[in-house]
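Residues per chain are reported as follows:
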Amino acid sequence: MLTLMSLLLFMLVLTNLTLLGSSRLAFCIRTVAVQGVVLGLVPLFGLQPFTLQHGLLSLCAIILKGGIFPWLLLRGLRVARVKREVEPFIGFNVSLSIGFFTLIGSVIFASRLPLTGNNNTLIIALAIFTMLTGLLLLVSRRKALSMVLGYLVLENGIYCLGTAVADHIPMVVEFGVLLDVWVAVFGMGIAMYQINREFDHTDVDRLTELRG
Amino acid sequence: MSSLLILFLLIPLAGIALASRLRRGKHFFLLSLAMVLLDDLCLLVGVLKLPTSLPMKTADGWLYLDALSGWHLLVMLLVYTAGSVFALDYFHNDLAGGRLNRATARRYNQLWLGSLWTMTLTLLANNIGLMWVGMEATTLVTAFLISIYATPAAIEAMWKYLIICSVGIAFAFIGVLLVTASLQADASGVHQLFFTELIKATGYNHMLLKAAFLFSLVGFGTKAGLAPTHTWLPDAHSQAPGPVSAMFSGFMLNAALYCIMRHAALVNHALASDQFTSRLFVLFGLLSITIPAAFILYQRDLKRLLAYSSIEHLGIITLGLGLGPAGCFASLLHTLNHSMAKSLSFFAAGRLGQIHGTHKIQQIRGALHSTPLWGVALAGGLFALIGTAPFSIFISEYFMVKAAIGRGATVALIIFLLGISVIFVALLKQMIPMLWGEGNIERQESSSWSGIMVVVALLTLLLFFGIYLPLPMHNFLNRAAALAGGLQ
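Residues numbered from 1 in each chain as written. Chains lettered and ligands numbered in written order. Predicted model: local features only at pLDDT ≥ 70, side-chain atom pairs only at ≥ 80, totals over all residues.

Asker: How do you make sense of the overall build of chain A when you look at a structure like this?
Answerer: Helix and strand content of chain A: 7 helices and 0 strands. When the elements of chain A are put in sequence order from the N terminus, they spell out α-α-α-α-α-α-α. In terms of C-alpha radius of gyration, chain A reaches 18 Å, essentially the compact-globule figure of 17 Å for 212 residues. The principal-axis extent of the C-alpha atoms belonging to chain A is close to 55 × 35 × 35 Å. By the burial criterion, 43% of the 212 residues in chain A qualify as buried. (Helix = DSSP H or I, 4+ residues; strand = E, 2+ residues; numbered from the N terminus. Rg over C-alpha atoms; globule rule 2.2 N^0.38 Å. Buried ≥ 20, exposed ≤ 12 C-beta atoms within 10 Å, placed from the backbone.)

As structure tokens, this is what we get:
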């Protein structure tokens, strides 16, 4: 079991770094989908005693993040007719380097957290790393779709943190959170469609009608 | 009686379902009003008639109403009632002129009731995770209320709102997770993250709990429009239709602040002192009072002006939360007063904007002469907002000053007074030409009954609470303030 777990965590790191370094949006969407599936599997491997409810929750998360979200976003991509992230505010190589340093920083930070009796330090470190990756994507990219991906990666990080630190969270809440994320992505998709229709582009930095 | 809480959640849902059966544009708005009035009736019969019946619990403890959430429920229903009545007036011309077709009218009202549902859920949820789910849902539902008229500016505002608030609220969820993590293994009696259980629990890891509060403050603070994460607020408020702007300012921001109050109470109780949260509240409060001042002074758009004033007032409420029990009392009173004054101002700004065809301050001149009803409403709202005497905001700001002196927070008091003085002058400078200047449109005599009713009712309440605070309300507020403090 331990090796399988390490494989999943390795995949998590890899997907984050891939996202930071690639410009092709369709590829990024698929990478986020893989990350969603990986994170859906993490709670099933020995973190908590397996119950039917946990299994159901994981299944929902995997279907949503690995199937429905990428389908929605790829459709949005086709409608908006964009292929790549061009000239992000922070270049791909720089983002990637920042990513490496963030990873090291997260591991050091997590090892110093006062979580007594919790041996999930590595998962917590990677959760923090994933959240920071999401934030970096949010602030450094230009296309509306990249922002949605950044938000999804941030949510993935929080989900991961949740599996590591919180065993008190009731099922209703977990499903509520999942539902909220679903509606959020759906809403952002509609917003993207409307932006494309009204402005004929989806460059977020060119939305400057409102200021002051 | 406590099963009444379920009714609060069922009524808006029933309205949403019924809306799909209706055919005529105006009926949708009447339906919304009817549902909100039903909610009001429940509040009157179930809660206000017998305030001692609080706290009440139902659905296995998942729904919970105490004095603090009860007070916010009251403010919420006041804002929604006023907004639903005003919508009849505001959308009248758009419906007649065909700018608002049947499908859009239906969508507007379903979203309006949907937002009511999500906010009710936020207030009634006993579980801090569910409270978060409700708050995040308010963002998703209300985003589409901003862009009900799909103009480019509205879509831009909606996008910024959706992204900034979703990311902000995500941070608040880290706060919820850290609260759970800070519960040490031996914390017994906490099964479902119920607020009522969490506040009694002992053996928290204090450092993690403090970190949790920081995340909640920043996360929910983004949604509450606290500086420096307020940037979505002027855009969203200025682009939304009049009743929606009023609901945003009048209650949605307060709902987010309510979530922060709950977390603060938890932290204060666990640490047995309010020192930690107080300092943060004072800091964020003062930032939110001072930063908007410059924007108000040089603002050219009436609705953006009001939006910045909302940031200031939310700052005042936050400041009060950091000034001990007397401060909490002042904050909660200020919540009600600000919500009434700001709804009134946004109603006036919305209608004046429709009549003049723009919200530019330069173009709105001599409103008192040309559109007497909305001129009076704007005058009343703005004079109340800057804190002039017979209006009730003066009283809550006076309580605030008293609380600051009692607490010995001299520096905070000076910055607070300086901030509101600058805003006083700035708003006065902006409003005088709008109200008394040389008019540029023809005088409009006719006003609809719904418009008159809403203006008269809100002005009366603002004046009434400025002169007299009934004893039962005083007692109720004291109970709510004690809960917000969390120390008893």
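Asker: Would you take a moment to explain the overall build of chain B for this structure?
Answerer: Across its full length, chain B holds 20 helices and 2 strands. Whereas a compact globule of 488 residues would reach a radius of gyration of roughly 23 Å, chain B reaches 21 Å, a difference of no more than 12%. Seen through its C-alpha atoms, chain B measures out along the principal axes to roughly 70 × 55 × 45 Å. Nonlocal contacts in chain B, meaning residues at least 24 apart in sequence, comprise 80% of its contacts between residues at least 6 apart. (Contact = placed C-beta atoms within 7 Å.)

Asker: Teacher, can you tell me more about the nonpolar core here?
Answerer: Residues Val148 of chain A together with Ile146, Met158, Tyr161, Leu378, Ala480 and Ala484 of chain B are the most contacted members of the largest nonpolar core, which totals 254 residues. Element by element, the count of residues in this core is highest for helix H7 (residues 152–182) of chain B, at 22 residues. (Core = buried A, V, L, I, M, F, W, Y, C linked by C-beta atoms within 7 Å.)

Asker: Explain the interface of chain B and chain A here, please?
Answerer: By a frequent convention, interface size equals the accessible area lost on bringing the separate parts together. With 36 residues of chain B at the contact, the number on the chain A side is 33 residues. Looking at the side of chain B that touches chain A, the elements that each hand over two or more residues are helix H6 (128–146), H7 and helix H9 (206–224) of chain B. Per element, the largest residue contribution to the side of chain B that touches chain A is 17 residues, and it comes from H7 of chain B. Within the side of chain B that touches chain A, the residues separate by chemical class into 26 nonpolar, 7 polar and 3 charged. (Nonpolar A, V, L, I, M, F, W, Y, C, P; charged D, E, K, R; others polar.)

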